[in-house]
Amino acid sequence: TQLLEQSPQFLSIQEGENLTVYCNSSSVFSSLQWYRQEPGEGPVLLVTVVTGGEVKKLKRLTFQFGDARKDSSLHITAAQPGDTGLYLCAASPRTGTASKLTFGTGTRLQVTL
Amino acid sequence: NAGVTQTPKFRILKIGQSMTLQCAQDMNHNYMYWYRQDPGMGLKLIYYSVGAGITDKGEVPNGYNVSRSTTEDFPLRLELAAPSQTSVYFCASSSRLPGQGVSDTQYFGPGTRLTVL
């Protein structure tokens, strides 16, 4: 089982600040996903990255996949209270079979006014 | 579409009791999954299914059983509840084509919060 480490575990910032969340592993991923989970709800997919070095943007969120496909980062520009939640990275170790995702431990983000 | 639905939303069990967590999806997805999420942690895969009649163990299957008699339903059974099974349980589903290599989108239900006392 791949071990996915996320940092930081907790982050409390004010509206308008920028932040970066990291997801690291000693193993190579075939692909990596980022999910956001709000209290009392299930995770919701934000993005899937597949190619080493890939960068994807989703409004104020920028996702990057490391060149060696062992790490990923999520950068939020000008954070808003609506960005508050638990951010989870999830990796797929194999291709062509069931999506047995391994989830990271999560980064809990709180954005205050 | 209702997506992925789970019942009950909350449940308290005594040690040794049994229960079934229900999960249903109306998206005609072939893949379904059960995860547990402990406080402050990510999700761990308990069991998954690639289609009706086919199930397989995930990372933490001990103490649980599943069945997949239809495409829509994927119940999770706890036979002898233990305090270590106190957690939030999430069911998810996805649609995957044969030979598809890229991770597909998993759609999650709202979760069942289970406490074993």
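For the structure given in this document, a descriptive report is provided here. Numbers given for residues are sequential positions, taken from 1 along each chain in its written order. Labels follow written order: the first chain is A, the first ligand is 1, and so on. Where totals are concerned, whole chains, interfaces and linings use all residues; where local detail is concerned, this predicted model gives features only for residues with pLDDT of at least 70, and gives and counts side-chain atom pairs only at 80 or more. Each side-chain value is worked out from all heavy atoms of the structure, with water and hydrogens disregarded.

Some remarks on the state of the cysteines
And step 1. Criterion for a disulfide: a pair of cysteine sulfur atoms at a distance within 2.5 Å. Counted under the stated rule, the structure contains two disulfides over all chains.
And step 2. Between the sulfur atoms of Cys23 of chain A and its disulfide partner Cys89 of chain A the distance amounts to 2.1 Å. Handedness of the Cys23 of chain A-Cys89 of chain A disulfide follows from its S-S torsion of about 75°: it is right-handed. With Cys23 of chain A in strand S3 (residues 19–24) and Cys89 of chain A in strand S9 (residues 85–92), this pair connects stretches of sequence that are 66 residues apart. Across the pair, Cys89 of chain A and Cys23 of chain A agree in class, each one buried.
And step 3. In this model, Cys23 of chain B is linked to Cys91 of chain B through a disulfide, with the two sulfur atoms separated by 1.8 Å. Judged by the torsion about the S-S bond (-70°), the Cys23 of chain B/Cys91 of chain B disulfide is left-handed. One end of the pair, Cys23 of chain B, is in strand S3 (residues 19–25); the other, Cys91 of chain B, is in strand S9 (residues 87–94), with 68 residues separating them in the sequence. Here Cys23 of chain B matches Cys91 of chain B in class, with each residue buried. By definition, any uninterrupted DSSP run of H or I lasting at least four residues is a helix, any uninterrupted run of E lasting at least two residues is a strand, and each is numbered from the N terminus. Each residue gets one of three labels from its accessible area relative to the maximum for its type: buried under 20%, exposed over 50%, partly exposed in between, using a 1.4 Å probe on protein chains only.

Here we look at the sheet that holds strand S1 (residues 4–7) of chain B
Residues and elements named next belong to chain B.
And step 1. One requirement defines pairing of two strands: DSSP has to find at least two bridges between them. Taking strand neighbours across the sheet as the criterion, the four strands line up as S1-S3-S8-S7 in an open arrangement whose pairing is antiparallel. Each end of this open sheet is capped by a strand with a single partner; those strands are S1 and strand S7 (64–66). On average, adjacent strands in this sheet sit at an angle of 20° to one another, irrespective of strand direction.
And step 2. In the sheet, S7 pairs with strand S8 (residues 76–78) via three bridges, with the strands oriented antiparallel. Of the residues in S8, the one forming a bridge with Tyr64 is Leu78. To get an axis, fit a line to the C-alpha atoms, keeping to the stretch in contact for a helix; angles then go from 0 to 180 degrees between the N-to-C directions.

Observations concerning the pattern of salt bridges
Residue and element names in this part refer to chain A.
And step 1. Any Lys or Arg side-chain nitrogen located within 4 Å of an Asp or Glu carboxyl oxygen qualifies as a salt bridge. As enumerated under the stated definition, the model contains four salt bridges over all chains in all.
And step 2. Ionic pairing is found between Lys56 and Glu54, a salt bridge with its closest N-O pair at 3.7 Å.
And step 3. In this structure Glu54 comes out as buried when scored by relative accessible area, which is 18%.
And step 4. Put simply, Asp83 and Arg60 hold a salt bridge, and the shortest N to O gap is 2.9 Å. Remark: Arg60 occurs in the loop between strand S6 (55–58) and strand S7 (61–65) and Asp83 occurs in the loop between strand S8 (71–76) and S9; sequence separation between them is 23 residues.
And step 5. For Arg60, a relative accessible area of 24% corresponds to the partly exposed category.

Some details on the nonpolar core
And step 1. In this text, buried Ala, Val, Leu, Ile, Met, Phe, Trp, Tyr and Cys residues form a nonpolar core when linked through side-chain atoms within 4.5 Å. One finds Leu19, Leu32, Trp34, Phe63, Leu74, Ile76 and Leu109 of chain A to be the most contacted residues of the largest nonpolar core, which totals 22 residues.
And step 2. Where this core is concerned, the elements lending two or more residues are S3, strand S4 (31–37), strand S5 (44–49), S7, S8, S9 and strand S11 (107–112) of chain A.
And step 3. Contacts: residue pairs with any heavy atoms within 4.5 Å of one another. Setting aside its immediate chain neighbours within four residues, Phe63 of chain A contacts Trp34, Leu46, Val47, Glu54, Val55, Lys56, Leu58, Ser73 and Leu74 of chain A.
And step 4. If you look at the next biggest cluster of nonpolar residues, it comprises 19 residues, including Leu13, Leu21, Val66 and Ala81 of chain B.

Such coordinate-based values are descriptive only and should not be taken to indicate function.
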